[in-house]
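Observations on the model geometry
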Amino acid sequence: MSGSRKTVQQQDQAAGGRHGHSKAQCLQILRRLSAYVDDELTDSLCGEIRKHLGACPNCEEFVESLRQTVGLCRHNHVRSLSAHDKSRLRLSILKAAASA
Amino acid sequence: MMAPPSTNVTRRRPTASDGDGYARDVAAFDRMYQDNVDRMYRFAQRLCGQEDDAKDLVQETFLNAFRGLKDFRGEAQPSTWLYTIAVRACTRMRRRRKGEPERELSLEEFIPTSEGEFRLQIPTEGLSPEEALEHKQLRHNLLQAIQKLPKKYRLVLVLRDMEGLSAQEVGAIMGLNERAVKSRLHRARLFVRRELSAKGLGQQPAPKRAAVKE
């Protein structure tokens, strides 16, 4: 996962525009990305990932898209239950409880 | 926290003919219902995707809560207790309806293999999540991605990232240790991320930016 930006770009070109890392390298980084996004890693692990991201635009985009995904999940609001539905649901529950 | 009530409750519950005991149960139930019904409906919608299924789940959850109310001693937050009941009810309901086997998600399947997989298909850079979610297609894709998640991953993602519970609370609700919660959450996030990338969307051409409302 180390190497300069130029090296990674060269690797990408050699791979026909595809991500140039080995599967093992990818897994090593991939495994920690949620902890990285949640700021739960130790300083040294965090620094290691940051160093890699600075050298690999593809991985940087990947992490950014993961961060965006988490943000979308956190802010996705849903509809509330209407007062009518709340009251109707309460009655159904009490009816079912009484008849059991 | 006591264990959530099972479906096979054999002890006798107070009924309307029991007078005061029943009235006390209903009063306690009403307090719990008023305080938590919005939260549980929100949770159910995120979990089920469909309004009718969500209402069924809320009904099943509070019915089981009513039945177990006398044994709830308040060691846990009522909301945590209700989430636990809802998770079990959801598991039973889905098993009844589909009976599909639970798929395991491996980390390896999330390694990108083509260019379009590194970023989200609908760009959201420079936008707040709220602004991005004004984009109808993005909202639709997100909900669809969450519904495609195998249930045990979806439950963790919804509880942690959507309901905002801590990993420890999610663990208590699901009967998992914190490490297992984080592992499932990570896979669930990677799954949803991939679904929102070009790969998940079948390599469609990039649409307009999320800021532009349709």
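On to the overall build of chain B. Tallying secondary structure elements over chain B gives eight helices and zero strands in all. Tracing chain B from N to C terminus, the helices and strands come up as α-α-α-α-α-α-α-α. Considering chain B as a whole, with its 214 residues, one finds that 42% of them fall into the buried category. Sequence-distant contacts, at least 24 apart, represent 73% of the contacts inside chain B between residues at least 6 apart.

On to the overall build of chain A, then. When helices and strands are tallied, chain A shows six helices and zero strands. Starting at the N terminus and walking to the C terminus, you meet the elements of chain A as α-α-α-α-α-α. Residues counted as buried form 25% of the 100 residues belonging to chain A. Long-range pairs, those at least 24 residues apart, make up 47% of the contacts in chain A between residues at least 6 apart in sequence.

All right, on to the confidence of the model for chain A then. All names here are of chain A. Summarising the model, chain A shows a mean pLDDT of 81, and 78% of its residues fall at 70 or more. Looking across chain A, the model is least confident in helix α1 (residues 5-14), with a mean pLDDT of 42, and most confident in helix α3 (residues 33-37), with 96. Note that pLDDT drops below 50 for residues 1-18; the model gives that stretch 22 contacts with residues more than four away or on any other chain.

All names here are of chain B. Annotation of chain B at the domain level lists domain 1 (16-97) and domain 2 (107-196). Here domain 1 and domain 2 have C-alpha centroids that lie 26 Å from each other. Class assignment of the residues belonging to the side of domain 1 that touches domain 2 gives a composition of four nonpolar, three polar and two charged.

Glancing now at the interface of chain A and chain B. If you look at the interface, chain A gives 37 residues, while chain B gives 46 residues. Residue assignment for the side of chain A that touches chain B shows that the elements contributing at least two residues are α2 (23-30), α5 (57-75) and α6 (83-99) of chain A.

Another point: unusual backbone geometry. Residue and element names in this part refer to chain A. Even without being glycine, Asp39 reaches a positive phi, approximately 60 degrees. Looking at the secondary structure, you find Asp39 in the loop between α3 and α4 (43-55). Accessibility expressed as a C-beta count within 10 Å gives 7 for Asp39, which makes it exposed.

What follows is about the packing of α5 of chain A against helix α8 (residues 178-196) of chain B. For any two helices packed against each other, one specifies the crossing angle of their axes together with the interaxial distance. In contact at an axis separation of 9 Å, α5 of chain A and α8 of chain B are set at 100 degrees when each is read in the N-to-C sense. By the angle between their directions, the pair α5 of chain A and α8 of chain B is classed as roughly perpendicular. Along the contact surface, α5 of chain A presents Ser65, Leu66, Thr69, Val70 and Cys73 of chain A, while α8 of chain B presents Arg189, Val192, Arg193 and Leu196 of chain B. Residue classes in the contact of α5 of chain A with α8 of chain B are distributed as five nonpolar, two polar and two charged.

Right, let's get into α5 of chain A. Over its 19 residues, α5 of chain A extends 27 Å from the first C-alpha to the last, a length consistent with the 27 Å expected when each residue adds 1.5 Å. Three or more residues of α5 of chain A are buried, namely Asn58, Cys59, Phe62, Val63, Ser65, Leu66, Gln68, Thr69, Val70, Leu72 and Cys73 of chain A.

It is characteristic of soluble globular proteins that their nonpolar side chains tend to be buried jointly. One finds Ala44, Ala86, Val156 and Leu157 of chain B to be the most contacted residues of the largest nonpolar core, which totals 69 residues. Here this core gathers at least three residues from each of two domains, domain 1 (16-97) and domain 2 (107-196) of chain B. Beyond its immediate chain neighbours, meaning those up to four positions away, Leu157 of chain B contacts Cys73 of chain A together with Ile146, Leu149, Met162, Leu185, Ala188 and Arg189 of chain B.

Here the focus is the packing of helix α7 (residues 167-174) of chain B against α8 of chain B. All names here are of chain B. At a closest axis distance of 8 Å, the pairing of α7 and α8 adopts a crossing angle of 100 degrees. Classified by the angle their axes make, α7 and α8 are roughly perpendicular. Here Ala167, Gln168, Val170 and Gly171 of α7 come into contact with α8, specifically with Glu178, Val181 and Lys182. Split by residue class, the contact of α7 with α8 holds three nonpolar, two polar and two charged.

Next up on the list: the environment of Val156 of chain B. All names here are of chain B. Tracing the chain through its elements places Val156 in helix α6 (residues 151-162). Measuring from C-alpha to C-alpha, the distance between Val156 and Ser183 comes to 9.7 Å, with 27 residues separating the pair along the chain. Apart from residues no more than four positions distant in its own chain, Val156 is found in contact with Val170, Met174, Val181, Arg184, Leu185 and Ala188.

As for its position among the elements, Arg39 of chain B is in helix α1 (residues 20-48). Each C-alpha atom, one on Arg39 of chain B and one on Tyr83 of chain B, is 9.5 Å from the other, the two residues being 44 residues apart in sequence.

Our next topic: helix α2 (residues 51-68) of chain B. Here α2 of chain B contains 18 residues, and its C-alpha end-to-end distance of 26 Å stays within 8% of the 26 Å for a straight helix at 1.5 Å per residue. Looking only at α2 of chain B, the buried set comprises Ala54, Leu57, Val58, Glu60, Thr61, Phe62, Leu63, Asn64, Ala65, Phe66 and Arg67 of chain B.

With that settled, consider the confidence of the model for chain B. Residue and element names in this part refer to chain B. For chain B, the average pLDDT comes to 85, and 80% of its residues sit at 70 or higher. In the predicted structure, residues 6-11 sits below a pLDDT of 50 and forms one contact with residues beyond four places in sequence or in another chain. The complex prediction reports pTM at 0.83, with the ipTM value standing at 0.82.

Calculation criteria
- Residues numbered from 1 in each chain as written.
- Chains lettered and ligands numbered in written order.
- Predicted model: local features only at pLDDT ≥ 70, side-chain atom pairs only at ≥ 80, totals over all residues.
- Helix = DSSP H or I, 4+ residues; strand = E, 2+ residues; numbered from the N terminus.
- Buried ≥ 20, exposed ≤ 12 C-beta atoms within 10 Å, placed from the backbone.
- Contact = placed C-beta atoms within 7 Å.
- pLDDT = per-residue confidence, 0-100.
- Domains from an automatic or database assignment.
- Nonpolar A, V, L, I, M, F, W, Y, C, P; charged D, E, K, R; others polar.
- Axes fitted to C-alpha atoms, helices over the stretch in contact; angles between N-to-C directions.
- Parallel < 35°, antiparallel > 145°, perpendicular 65-115°, else oblique.
- Expected span 1.5 Å × (residues − 1).
- Core = buried A, V, L, I, M, F, W, Y, C linked by C-beta atoms within 7 Å.

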